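Structural overview for review
Each chain, written out:
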Amino acid sequence: MKQLRIILTCLALTFPLLTKAGERASFRYGLEWGVNSAILVGSHSSYISGEGYLVDSRSLDFRSHINGEVMGLIGLEYRRLGLYIRSGYMGIQKGESVVPVLLRSSFALSRSGVEKHGSIYIEGGCGLQKSKPVSAVTGTGYVYRLRLSEKLSLDMNGGLRISYSHPDVYDKYAERKVPKESLGLSNSLNIGLALTIALVF
């Protein structure tokens, strides 16, 4: 939970900074959903098999499984800068999902704001799973904003997604999930793409 406290502290400290000469930042909130795919996955696991042998496995694979994600967001926008917290549900790879808590920072490519030429973003944070170590999630990409009304916008997001997670491990000899007491380690580096849309108020 240390990562979560760091994210919340950074956002809280930024609130008073996003003001100048009485001009205050705009508060934003919304709902985002879409898909992602871990294209390149490098994994390392070790465990004691049912026969009592130590099994150490390493792999580097190209994959194409499509994962879903649904998240809420809150944040601030001030001129060309944006700062948001995003959280909800995120699939990382086949059979593995997390509750992400991400801090996103964005910068509009036009002085006129994000609606002119879009913006670029970078984000990072943690992925929470029950009874597992905390995963790391980060990414960078581009956002195009379409104004639907005075108070409602449609954001189209696309970019690179990288995560470091701890998936379940299956005994390749017994064809069953390795129990926690027999598992040494399970680490997975997942590199892929994410495409989402968001309704932002």
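The following paragraphs examine the structure supplied in this document.

Take the pairing of strand β6 (residues 81-93) next. Residues in a regular strand point their side chains to alternate faces of the sheet. In this structure, strand β5 (residues 66-78) lies alongside β6, joined through ten bridges in antiparallel fashion. By the bridge assignment for β6, Gly75 is matched with Tyr84. Relative to strand β7 (residues 96-108), β6 is paired through ten bridges, and the arrangement is antiparallel. When the bridges of β7 are listed, Tyr84 appears paired with Arg104. Connecting the antiparallel pair β6 and β7 is a turn made up of two residues, with Gly95 showing a positive phi of about 80°.

On to the nonpolar core. Residues Met71, Met90, Ile92, Val98, Leu102 and Val137 constitute the largest nonpolar core, which totals six residues. Discounting chain neighbours no more than four positions away, the residues touching Val98 are Gly88, Tyr89, Met90, Ile92, Gly127, Leu128, Gln129 and Ser135.

Take the environment of Lys151 next. Looking at the secondary structure, you find Lys151 in the loop between β9 (135-147) and β10 (153-165). Residue classification places Lys151 among the exposed positions, given a relative accessible area of 64%. Residues Lys151 and Phe201, 50 residues apart in the sequence, show an inter-C-alpha distance of 5.5 Å. In contact with Lys151, not counting residues within four places along its chain, are Val200 and Phe201.

The bulk of non-glycine residues show a negative phi, and the bulk of peptide bonds are trans. You will see that Arg79, though not glycine, has its phi angle at about 55°, which is positive. Tracing the backbone through its elements, the reader meets Arg79 in the loop between β5 and β6. With phi around 60°, Ser131 is a residue other than glycine that occupies positive phi space. On the basis of relative accessibility, which here comes to 58%, the residue Ser131 falls in the exposed class.

Quick look at the side chain of Asn36 now. Within the secondary structure, Asn36 sits in strand β3 (residues 26-48). A polar contact of 2.8 Å, which involves the side chain of Asn36, links it to the side chain of Glu69. Side-chain polar atoms of Asn36 contact the backbone oxygen of Gly91, separated by 3.0 Å. For Asn36, the residues in contact, after removing those within four places along its chain, are His65, Ile66, Asn67, Gly68, Glu69, Met90, Gly91, Ile92, Arg161, Leu193 and Ala194.

In this section: the pattern of salt bridges. Following the criterion strictly, the structure yields eleven salt bridges and no others. In this structure, the salt-bridge partner of Lys177 is Asp168, at a minimum N-O distance of 3.6 Å. Judged by relative accessible area, Asp168 falls into the partly exposed class, the value being 30%. Through salt bridges with shared partners, a single network forms among Arg28, Glu77, Arg145 and Asp155.

Under the counting rule described, the total for this entry stands at two aromatic pairs. Seen in terms of ring centroids, Tyr29 and Phe201 are 5.3 Å apart; in terms of plane orientation they differ by 15°. Their pairing is stacked. One end of the pair, Tyr29, is in strand β3; the other, Phe201, is in the segment after β13 (183-200), and 172 residues separate them in sequence. An aromatic cluster is present here, built from Phe27, Tyr29 and Phe201 joined pairwise through their rings. A cation over an aromatic ring shows up here: Arg104 above the ring of Tyr121, its NZ or CZ 3.7 Å from the ring centre.

The rules we used
- Residues numbered from 1 in each chain as written.
- Predicted model: local features only at pLDDT ≥ 70, side-chain atom pairs only at ≥ 80, totals over all residues.
- Heavy atoms only, no water.
- Pairing = 2+ DSSP bridges.
- Helix = DSSP H or I, 4+ residues; strand = E, 2+ residues; numbered from the N terminus.
- Core = buried A, V, L, I, M, F, W, Y, C linked by side-chain atoms within 4.5 Å.
- Buried < 20%, exposed > 50% of the residue type's maximum accessible area, 1.4 Å probe, protein only.
- Contact = heavy atoms within 4.5 Å.
- Polar contact = N/O pair within 3.5 Å; in protein donor to acceptor, adjacent residues only side chain to side chain.
- Salt bridge = Lys/Arg side-chain N within 4 Å of Asp/Glu carboxyl O.
- Phe/Tyr/Trp six-rings, centres within 6.5 Å; stacked < 30°, edge-to-face > 60°.
- Lys NZ or Arg CZ within 6 Å of the ring centre and 35° of its normal.

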